[in-house]
Amino acid sequence: MAEIKLEAIRKSYGRTEVIHGIDAEIADGEFIVIVGPSGCGKSTLLRMVAGLETITSGDVHIGDRVVNTLEPRERDIAMVFQNYALYPHMSVYDNMAYGLKIANVPKPEILSRVTEAARMLELEPYPDRKPRQLSGGQRQRVAMGRAIVRKPAVFLFDEPLSNLDAKLRVQMRLEIKALQRKLGVTALYVTHDQVEAMTLADRMIVMNAGIAEQIGAPLEVYANPATLFVAGFIGSPPMNVLSHEIRSGKAALAPGAVIGVRPEHIELVAAGAGLIDFDIAFCEPLGAETLVHGVTAAGDKMVARIDGEMRPPAEGTRIGLAIDPARILAFDASGRRTGS
């Protein structure tokens, strides 16, 4: 197993810089999720760790080695891709064993490793099947099995669940987390799905336009976003952002400054009785909860989350929103969090 250290990592294509000096230290056995929207540089960063992209400047350490100039096969890593990357003409067994065969691992050792990985991944009934005979979830298990048998120091996952349906994604992310815990291997996992990030990560690297906006444990990032981008990206629905003064404010907001509040920190009260008056646009009953959408009297769109057993207010009516002042976050004109 191994630690990973990223020191001032930058990546440019010609004059265009796409990764802007990222620093991070990842502990041995830690599960780190790199999360952000499409085009933010998360896969590029992962590919630099893997050796599939050159590093413009900075250093990548895996264990006690700087690996910048090492080939992928020399870095003691295994990678699981979005498209599985299985050999269609090979059986499940041969797909999982192929990397060991070309590394000249003895046949008894190959059999032992593949058999153990197949048991862990519930692939024992399918050793002779070709990829086309497997479901999407089974193909992803084969791809993970191929990584496991190599016994790498680091697992790298590049959006491995994107091709699966919603129900199977939930199942597979639980399996990936359990497997990583069992193996105790260091893992870097890239996704654009903030729910995946929240449920899988020991810590998250939240990226935006090639910058690591915040690094921290999921619940810490959710409760204390460092920037307006993080506040809006992490959470479903995202944090409400208000650009107008609210009733309890002591002074008008500075130009460009905004305040934020999570939907679950809002209580519905009678019009005029809360911090904000709110016109109901529509309600989304989701079972355990209901999302109440509307617009404040000042023109800011907002969402409140209420218990699903509560009767939602009628659309088109005006109500009040009560908010604990301690739950309100402030952001300056640059988008950085201000105050405590």
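Every value quoted in this text rests on a predicted model; they were computed, and no experiment measured them. (Residues numbered from 1 in each chain as written. Predicted model: local features only at pLDDT ≥ 70, side-chain atom pairs only at ≥ 80, totals over all residues. Heavy atoms only, no water.)

Helix and strand content of the protein: eight helices and 19 strands. Considering only C-alpha atoms, the protein reaches an extent of 75 × 45 × 30 Å along its principal axes. Each of the 340 residues in the protein was classed as buried or not, and the buried ones make up 46%. Here the analysis covers contacts within the protein between residues at least 6 apart in sequence; of these, 65% occur between residues at least 24 apart. As displayed, the protein offers around 16200 Å² of accessible surface, 52% of which is attributable to carbon and sulfur atoms. Across the protein, the centroid of the 38 positively charged side chains sits 6 Å from that of the 41 negatively charged ones. (Helix = DSSP H or I, 4+ residues; strand = E, 2+ residues; numbered from the N terminus. Buried < 20%, exposed > 50% of the residue type's maximum accessible area, 1.4 Å probe, protein only. Contact = heavy atoms within 4.5 Å. Areas by Shrake-Rupley, 256 points an atom, 1.4 Å probe, with all protein chains shown as cover. Lys, Arg positive; Asp, Glu negative; His and termini not counted. Charge placed at Lys NZ, Arg CZ, Asp CG, Glu CD.)

Over its 14 residues, helix α3 (residues 107-120) extends 20 Å from the first C-alpha to the last, a length consistent with the 20 Å expected when each residue adds 1.5 Å. Of the residues making up α3, those classed as buried are I110, R113, V114, A117, A118 and M120. Burial along α3 is one-sided: seen end-on, the buried residues are contained in an arc of 160 degrees. Packing partners of the buried residues in α3 comprise α2 (92-102), α4 (136-148) and α5 (166-183). Downstream of α3 by a residue or two, E122 has a phi angle that is positive, lying close to 60 degrees. (Expected span 1.5 Å × (residues − 1). Arc of directions from axis to C-beta.)

Of note, V60 is situated in strand β4 (residues 57-62). Taking the C-alpha atoms as reference, V60 lies 33 Å from Q138; in sequence the two are 78 residues apart.

Our next topic: the side chain of R141. Of note, R141 is situated in helix α4. When its relative accessible area of 8% is taken as the criterion, R141 is described as buried. Ignoring sequence-local partners within four residues, the contact set of R141 consists of L121, L123, Q171, M172 and E175.

Glancing now at the side chain of T296. Position of T296 relative to the elements: it lies in strand β15 (residues 289-296). In contact with T296, other than residues within four places in its own chain, are I276, D277, F278 and M302.

Together, Y87, Y98 and I102 line one region of the surface with nonpolar side chains, adding up to about 280 Å² of accessible area. Mapped onto the secondary structure, Y98 falls in helix α2. (Patch = residues over 30% accessible without salt bridge, like charges linked within 9 Å, V, L, I, M, F, W, Y side chains within 5 Å. Salt bridge = Lys/Arg side-chain N within 4 Å of Asp/Glu carboxyl O.)

Further remarks concern the nonpolar core. By size, the foremost hydrophobic cluster in this structure holds 48 residues, and its most contacted members are V33, V35, F155, F157, Y189, M204 and I234. Residues in contact with V33, not counting those within four places in the same chain, are Y189, T191, A197, L200, A201, R203, M204 and I205. Among the nonpolar cores identified, the runner-up in size contains 29 residues, and L6, I19, I22 and M207 belong to it. (Core = buried A, V, L, I, M, F, W, Y, C linked by side-chain atoms within 4.5 Å.)

This brings us to the packing of α2 against α3. The geometry of α2 relative to α3 is characterised by a closest axis approach of 10 Å and an angle of 135 degrees between their N-to-C directions. Judged by the angle between their axes, α2 and α3 are oblique. Regarding α2 and α3, the two cross each other, and that crossing is right-handed. Together, Y93, M96, A97, L100 and K101 of α2 and I110, L111, R113, V114, A117 and A118 of α3 make up the contact between the two elements. The residue inventory of the contact of α2 with α3, partitioned by class, reads nine nonpolar, no polar and two charged. (Axes fitted to C-alpha atoms, helices over the stretch in contact; angles between N-to-C directions. Parallel < 35°, antiparallel > 145°, perpendicular 65-115°, else oblique. Left-handed = near helix turned anticlockwise from the far one by under 90°. Nonpolar A, V, L, I, M, F, W, Y, C, P; charged D, E, K, R; others polar.)

As a further point, take the sheet that holds strand β8 (residues 186-191). Sheet architecture is open: six strands sit in the order β6-β7-β8-β3-β9-β10, paired in mixed fashion. The open sheet has two edge strands, β6 (77-80) and β10 (211-216), and neither has a second partner. Within this sheet the neighbouring strands show an average axis-to-axis angle of 15 degrees, counted without direction. Strand contacts of α5: β3 (31-35), β7 (154-158) and β8, with the helix running at about 140 degrees to β3, the strand carrying the most contacts. (Pairing = 2+ DSSP bridges.)

Interpretation of the predicted coordinates at a detailed level should be avoided for regions scoring low in pLDDT. The pLDDT averaged across the protein works out to 91; a share of 96% of its residues lies at or above 70. Across the protein, element-level confidence peaks in strand β9 (residues 203-208) with a mean pLDDT of 98 and bottoms out in α5 with 88. Counted against residues more than four places away or in other chains, residues 248-252, with its pLDDT under 50, gives three contacts. (pLDDT = per-residue confidence, 0-100.)

Further remarks concern the sheet that holds strand β17 (residues 318-323). Read across the sheet, five strands follow the order β13-β17-β14-β15-β16 without closing on themselves; strand pairing throughout is antiparallel. Every other strand in the sheet has two partners, leaving β13 (266-269) and β16 (301-307) as the edge strands with one partner each. When strand polarity is set aside, the average angle formed by the axes of neighbouring strands in this sheet is 45 degrees. One ladder, built from seven bridges, connects β15 with β16; its direction is antiparallel. Directly across from V295, in β16, lies its bridge partner K301.

On to the packing of aromatic side chains. For any pair of aromatic rings, the description consists of the separation of the ring centres together with the inter-plane angle of the planes. Going through the model one piece at a time under the given rule, you end up with six aromatic pairs. Seen from their ring centres, F31 and F157 are 6.5 Å apart, and the 5 degrees between their planes marks the pair as stacked. Of this pair, F31 sits in strand β3 while F157 sits in strand β7, placing them 126 residues apart in sequence. Here the aromatic rings of F229 and F233 are separated by 5.6 Å at their centres, their planes lie at 10 degrees, and the arrangement is stacked. Of the two residues, F229 and F233 are both situated in helix α8 (residues 228-233); the distance of four residues between them amounts to about one turn of the helix. F233 sits in the buried class, given a relative accessible area of 17%. Taken together, the ring pairs connect F31, F155, F157 and Y189 into an aromatic cluster. Positioned over the ring face of Y222 is R262, at 3.9 Å from the centre of the ring. (Phe/Tyr/Trp six-rings, centres within 6.5 Å; stacked < 30°, edge-to-face > 60°. Lys NZ or Arg CZ within 6 Å of the ring centre and 35° of its normal.)

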